[in-house]
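Analysis of the macromolecular model
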Amino acid sequence: MTMVNGMRWLGGVLAIGGLLLLATDRAAAQTTTGTIRGYVRDSSGAPLAAAEIQARNVGTGVVRTATTNADGSYALPGLSPATYDLTTRHIGHSPQARRVTVQIGSTLLADFTLRAGAVELAAVTVAAGAPPLETRTSEVATNVTTQQIDRLPTPSRNFLDLAALAPGVTVSEDRIQGTSRTFQAGGQSASAVNVFIDGTSLKNDLTTNGVTGQDASRGNPFPRSAIQEYRVISQNFKAEYQKSSSAIITATTKSGTNEWTGSAFFGYQNKGLVALDTFQRATPGFKKPDYTRSLASFSIGGPIQRDRLFFFGSYEGNYQNRSNLVNFAPPPAGRFPALDTVNLTQYNGNFTSPFRETMVFGKLNYAATPNSSLEFSISDRIESDVRDFGNNNCSGFMCAFNEAVDFAQNVGVGQLRYTRTSGAWLNEAKVDYSRFQRNPKPDTPGLPARIYQINGQDNVIGSNFSTQNFIQKRLGFRDDLTYSGFHGAGDHVFKAGATFDFVTYDIFKGNDETPRFSYRDTLVRNNDTLAFLYRTPYQLVYGTGIASLNKTNNEIGAYIQDDWSPTPRLTFNIGVRWDFETKMFNTDYVTPQEVIDTLTRYNASLPTPLDLSRYISTGNSRKPFYGAFQPRLGFSYALDEDNKTTVFGGFGIYYDRSIFDVSVDETLKLTHPTFTIQFADPDSTPKAGEVAWNNSYLTADKATLDALAHSSGLPEAWLIDSKVKVPKSRQWNLGIRRLFGSVLVTGTYAGVRGVDQLTLNWANFGLNPNGSCCTSFNLGAHGFANFIYSTNDGKTWYDAFSLQVERQYHRSSPDFGWGAGLTFTYATRSVQGVDNLGDEFSFPNALNILKHPSNDEKLRIVANWITDVPFLYGIQFSGIATVGGRVRQDVGCPARFCGTGTSGNQYQRGGFTVPGTFPYQNVDLRLRKDFPSFGRTALGVTLDLFNATNNTNYGCYNTGDRNAKDSQGNLIFGEPNCVISDARRLQIGAEYNF
C-alpha cells in the first residue's frame, strides 16, 4: 500500500473513531470486562419494572447503574473485574444488597426478590458469601483468579504456567536449560493461540509460537505482579476475539484503588537447591554446573485523587546465571597433527550463560465523569540471553563459548482507552501501539566458524552463524459498541465492533553470514593417510546478499453478536466475525525471471510437476483473502429455576493466520541465499562441483567470499501458491454443569478439526513407485539447490472429554479458607500432512504423510489447591499436581521412506508405574508463612518445592530401528535418552505487603 493510501486509511479510522466517541454513550468491552445480568421480582414472583440496580466498585468507589425493564430484567455489561456492592431499590419495597465478584470475560447471574416495605434511604447492609460461579456460559473457559496467581507455585513467575489448569491446554515446562515458554490446545500447535492483555493482542505475526517474545525465550511475556486475573478460553470463544484457531488467554491488569497498597517479592534458587536427574546421576564424575536464579518484583498502587484518579505500577526482574561446560575431547596424540595445531582443548572450561529480563508496567485510571473514564497504560519488556554453547541447545554440536548467541528481545505496548456509558448503551474506544523485536546475534562477532568432525561429534569454534533482527510495529484502533435496550421475543444484548491495525515488518535475516568451514576425519581416498586429515576444510557454508526486507500490512476485523435470552433459563450466543489482511502472504511479490525460466523448462521432469499458473507470481496474481467469515453459535439452558444445572454447547469457525516468515524466505532465499561450496582434497585436482582450497579463505574479506560462493554455490527457490489459504479450525462442544453449593462440576465433549494449514514441500524430490524414498531431479545442474512449494494440506484432529471440578478460594471463617480444582482430560490427537504438530516442512510432500497420532497423550489430570492449615496460624499450603498417560508415536520408517505397509506401527512410550497409567508425574508444592502484621504491613516467607516427588519423566525415546544397539550390544529400541522435566528443585522467597 502506498503512503497516500496509508494516510487515507489512517484518516478514515480516526474519523470513524471520532464519530463513535461523539455520537455514543457507552462503556467497556467483554475482552477485558465482565457482565452482571439478572431479574428483579417481588415476593410473589411478579417482575418489578423501573427498579434501580447500582453496582459500586468496592476498591475505587466508582458506581454503575441500570434500570430494570418491563419483565424485570437488567444488564450491567462492561464492568471492570473487581468486587462490587450490588444494590437494588424499588419504590414500595425494601432494598436489598449483596457483595459479588465480577471476573474477566464472565457473565454473572444475580436475581433479586424484594419484599414490600418502606423505602430505606440509609445504607443497606451488604450480604457477603462465597464467590458466585458462572454457570450459563457456552464457552469452554477457566478463570484463573488473583488468589491462584498469587499463591500457587510456579517456578519462574510466568503467568502462562497456570493456563494448564484449563482442560485441553498444555504448557511447555520451565526448565533450567529451557529456551521456550509456550502453550497450546485443541490438538494444534502453539502458533495457533493468542493472548490479550487489557484487550490488546500480543499475536506474533512474524515468527512461530503465537505469542510475541515466547517462541525462543525462557522469560515471561508480562510482569506477573501486574496481572490481576485472566481467562483461558480453550474453545468456543465469541466473535469479539480474533487471530486464533485454538485457545486464547484474555487478561486484565491491576489498577489502583482508594487505598495505597504495595508489594515487594524476592525469590532465589541456586545449584545447591537442585537435585540431579537420572542421567546426571549415571554419568561418572558428573558435577553440578553453577546456577543461580533471582526473581524480583515490586508493585504499588493507590489514589492520586480519591474516587477519580488512580495509579498502579510494577517492576519485575528475572535474572539468571547458569554455567555451560565446554568439553572438547583431545584427539589421540600424534594421530592428527593438523588438528593438534588448533588445540581445541584451549576452549574448554565452564562459562557463564547469563539471562536478564526486566519488565515494567504503569497504568493511570481516571473517572472523568459519572458516565465516562480514561485509562492509559504502558509496558516494556527488555531481555538478553547469552546461550547456545557447550552442548546446550547447540544443535547436537559441542560449541565453544565464542560460538554463543546473544538472544535479545524487546516487547513494548502502550494503549489509551476512553469509555462512556449512558442507559442501555456502552462503548469502549481504544488506540494502542506495540513494538516487538526479536534480535539473536553472535555474542562474539567477526570470527570465522570452524567445525571439526571427530568420531561422529561436531566440534565448533568461532562466531555464531547468523544474525537476525525481526521488528513488528503495530498501530491499532478498536471500538466495541454494546446495546442492551432491545426486547423482542426475549432479552437481547447486541454487540458490534471493529479493529483497524496498521503493521510494519522490518526484517534483517542474515542467516549463515558467518562463514562456516567444516573439517572431517573420514578418509576420502584409498591412498590418504591420517596425517592429511584436518589440513583443509572439505566444505564451506556461507550466506550472502541482501538480507533486509521491509513490508507493510493492514489488518481489519469486524464482528456482530447477540446474546439472546428467549426465556430467563435459555440463552443463545449468536455472532459472526470477518477478518482481512492486505499482505499476509506478500501479495506484491514477483517471481524472478531465472526461477521462471528454470521452472518452465524443467517442470515436466520434476517428480512433482507444478501448476505454473499458481506458482509463478506476477505481482498481482496472489490476491488477499476476503472470505474469512466466521459464524459462531452457542447456547446454554438451565434445567432448574436456580440455574444450578445447565446444559451448554456451541459451534464456530475460527481463522488464524500464517506467519510472515514464510513470505520472508520466499524473497530472502533468493536475495540472500545460503551457498554450500565443496573443496577438493588438497592433493587432488578439483572435480566438477569442487573448488581448490586456499588458506586465505579463512581470513578472506566479504567480497572474496561472495565471489567464491557465487562461483559454485546454489540458491534455493521458495514458491507460494497464488491460491494459498488461511489456516482455520471448526470447533464444537456439548456439556453440562452442576453447582453443588460452592463447587462447580463441568463435563464437556469438545471437537476440533484444523484444516488448510500451510505445508512446505519439495518439487525436485518424490517417492519411488513402491512408495519408498526417493526419486529426484538434479536441479543443481540448472542453478538451484531445491524448489520448495507451499500447499495447504496440513490437517489436525482433536476429540476430548473433560471433567472439571472448581471451588474458588474463600474464607469460611476469619482464620480458615480453602479452594481447589481438578481437571481430567481424555483426548485423541492426530495430524496429516506433517510428521509432528507444529512442523511446516513435509518431505518430500504432504500428500504422502497420512493421518497419524502426534504426541497423542490421551490422559492428563491436573489438580490444584490452596488451603489455610488449621491450628498453624499464618501458614498456607498450596500446590499443583499433574499426571499424564502414555504417548503414542510413530516408530521405524514412515511409508514414504521405506515402502508401502511399513508405517503405522505405534509405540506407546512411558514406563509402567503404580497404578500403571501415569508415566508422567509432577507435583509442585508451596508453603507460605505470614507473620503477624504491624498496622497495614505484613511479611510472608515462601518455600516452593518443584517436582517434589523427584519423579523421572523420561523423553527422547528411541523409536527408530527396532534392532538398534548401544556400544555394549544392548537393544535400545524404546529406551529414553533424556528427561523432559527437571529433577526436584527448591526455591525460597519472601514477600512484603504494605
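This brings us to helix 5 (residues 593-602). What helix 5 keeps buried is the set Val-595, Ile-596, Thr-598 and Leu-599. Residues of helix 5 that are buried make contact with helix 6 (612-615), helix 7 (661-671), strand 36 (716-719) and strand 41 (786-813).

Before going further, it helps to spend a moment on helix 8 (residues 702-712). Within the sequence span of helix 8, burial applies to Leu-705, Asp-706, Leu-708 and Ala-709. The arc that holds the buried residues of helix 8, viewed along the axis, is 165°, so those residues lie on one side. Away from its buried face, by an angle of more than 90 degrees, helix 8 presents the exposed residues Ala-703, His-710 and Ser-711. On its buried face, helix 8 sits against strand 29 (539-543), strand 34 (674-679) and strand 35 (690-691).

This brings us to a nonpolar patch on the surface. A cluster of nonpolar side chains, Trp-260, Ile-304, Leu-364, Leu-374, Phe-376, Ile-378 and Leu-416, forms an exposed patch at the surface whose accessible area comes to about 610 Å². Counting through the fold element by element, Phe-376 comes out in strand 20 (residues 372-387).

A separate point is the environment of Val-883. Mapped onto the elements, Val-883 comes out in strand 46 (residues 875-884). Separated by 22 residues in the primary sequence, Val-883 and Ile-861 place their C-alpha atoms 5.4 Å from one another. In this view, Val-883 contacts Leu-859, Arg-860, Ile-861, Phe-918, Tyr-920 and Gln-921; residues no more than four positions away in its chain are not counted.

What follows is about the nonpolar core. Here is a general trend for soluble globular proteins: nonpolar side chains tend to be buried in one another's company. Judged by nonpolar contacts, the single largest core of 36 residues is most densely connected at Tyr-452, Tyr-534 and Phe-679. Elements with a minimum of two residues in this core: helix 4 (337-340), strand 21 (398-399), strand 24 (449-454), strand 25 (457-461), strand 28 (516-519), strand 29, strand 34 and helix 8. For this core, the element with the most residues is strand 24, which contributes 4 residues. Discounting chain neighbours no more than four positions away, the residues touching Tyr-534 are Phe-336, Ala-338, Leu-339, Tyr-452, Gln-453, Ile-454, Tyr-519, Arg-520 and Asp-521. Listed in part, the 33 residues of the second largest apolar core include Ala-166, Ile-197, Ala-226 and Phe-312.

Our next topic: unusual backbone geometry. With an omega of -10°, the peptide bond between Phe-843 and Pro-844 qualifies as cis. Note on placement: Pro-844 falls in the loop between strand 42 (816-832) and strand 43 (852-853). At Asp-198, a residue that is not glycine, the phi angle is positive and equals roughly 55°. With respect to the element layout, Asp-198 can be found in the loop between strand 12 (194-197) and strand 13 (200-201).

What counts and how
- Residues numbered from 1 in each chain as written.
- Predicted model: local features only at pLDDT ≥ 70, side-chain atom pairs only at ≥ 80, totals over all residues.
- Heavy atoms only, no water.
- Buried < 20%, exposed > 50% of the residue type's maximum accessible area, 1.4 Å probe, protein only.
- Helix = DSSP H or I, 4+ residues; strand = E, 2+ residues; numbered from the N terminus.
- Contact = heavy atoms within 4.5 Å.
- Arc of directions from axis to C-beta.
- Patch = residues over 30% accessible without salt bridge, like charges linked within 9 Å, V, L, I, M, F, W, Y side chains within 5 Å.
- Areas by Shrake-Rupley, 256 points an atom, 1.4 Å probe, with all protein chains shown as cover.
- Salt bridge = Lys/Arg side-chain N within 4 Å of Asp/Glu carboxyl O.
- Core = buried A, V, L, I, M, F, W, Y, C linked by side-chain atoms within 4.5 Å.

Everything listed here is a matter of coordinates, which is why it stays silent on function.
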